[in-house]
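# A closer look at the structure
What follows is the residue order along each chain.
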Amino acid sequence: MYLFHAYVRVAAGSEAEFAEACAVNSRASLQEPGCLRFDVLQQADDPTRFTLVEAYESEDDLAVHKTTDHYKAWAEVANRVQVEPRSKTVFTLLAG
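Residues numbered from 1 in each chain as written. Predicted model: local features only at pLDDT ≥ 70, side-chain atom pairs only at ≥ 80, totals over all residues. Heavy atoms only, no water.

### A word on the environment of Val-8
As for its placement among the helices and strands, Val-8 is situated in strand β1 (residues 2-9). According to the relative accessible area criterion, Val-8 is buried, its value standing at 3%. Along the backbone, Val-8 and Thr-51 are 43 residues apart, and their C-alpha atoms lie at a distance of 6.4 Å. (Helix = DSSP H or I, 4+ residues; strand = E, 2+ residues; numbered from the N terminus. Buried < 20%, exposed > 50% of the residue type's maximum accessible area, 1.4 Å probe, protein only.)

### Focus: a nonpolar patch on the surface
Together, Met-1, Leu-36 and Leu-93 make up a nonpolar patch on the protein surface, roughly 310 Å² of accessible area in all. Leu-36 sits in the partly exposed class, given a relative accessible area of 44%. (Patch = residues over 30% accessible without salt bridge, like charges linked within 9 Å, V, L, I, M, F, W, Y side chains within 5 Å. Areas by Shrake-Rupley, 256 points an atom, 1.4 Å probe, with all protein chains shown as cover. Salt bridge = Lys/Arg side-chain N within 4 Å of Asp/Glu carboxyl O.)

### With respect to the side chain of His-70
Along the chain, the position of His-70 falls in helix α3 (residues 69-81). Here the side chain of His-70 touches Glu-32 through a polar contact of 2.6 Å, side chain to side chain. Setting aside residues no more than four positions away along its own chain, His-70 makes contact with Asn-25, Ala-28, Ser-29, Glu-32 and His-65. (Polar contact = N/O pair within 3.5 Å; in protein donor to acceptor, adjacent residues only side chain to side chain. Contact = heavy atoms within 4.5 Å.)

### What to know about the packing of aromatic side chains
If you walk through the whole model with that rule in mind, you get five aromatic pairs. Judged by centre distance (6.3 Å) and plane angle (10°), the rings of Phe-4 and Tyr-56 are stacked. With a gap of 52 residues between them, Phe-4 in strand β1 and Tyr-56 in strand β3 (residues 49-56) connect regions that are remote in the sequence. Across the pair, Tyr-56 and Phe-4 agree in class, each one buried. Taking 4.8 Å as the distance between ring centres and 70° as the angle between the ring planes, the aromatic pair formed by Phe-18 and Phe-50 counts as edge-to-face. (Phe/Tyr/Trp six-rings, centres within 6.5 Å; stacked < 30°, edge-to-face > 60°.)

Don't take any of this as a statement about function, it's just geometry.
This is the structure we're talking about:
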């Protein structure tokens, strides 16, 4: 399993647009064969900060995900509204 959290900080005023782009991407991603989880979280004390919790069967499945039209549409919005580079933390599942 390839499990990670992606972190995105967006410009104030663009939160709703980014959240909608994330919701569309999440729904479509969950239809991909290798996508196991795709949660979109907005930070309660700073609504400009988002965390995407994603899990794929393999890192190759993530690579395929990044070729989809829904990912490209999400990335266009993200690249336009983010105020710092995206980052991610990769995890190893120990129990669950």
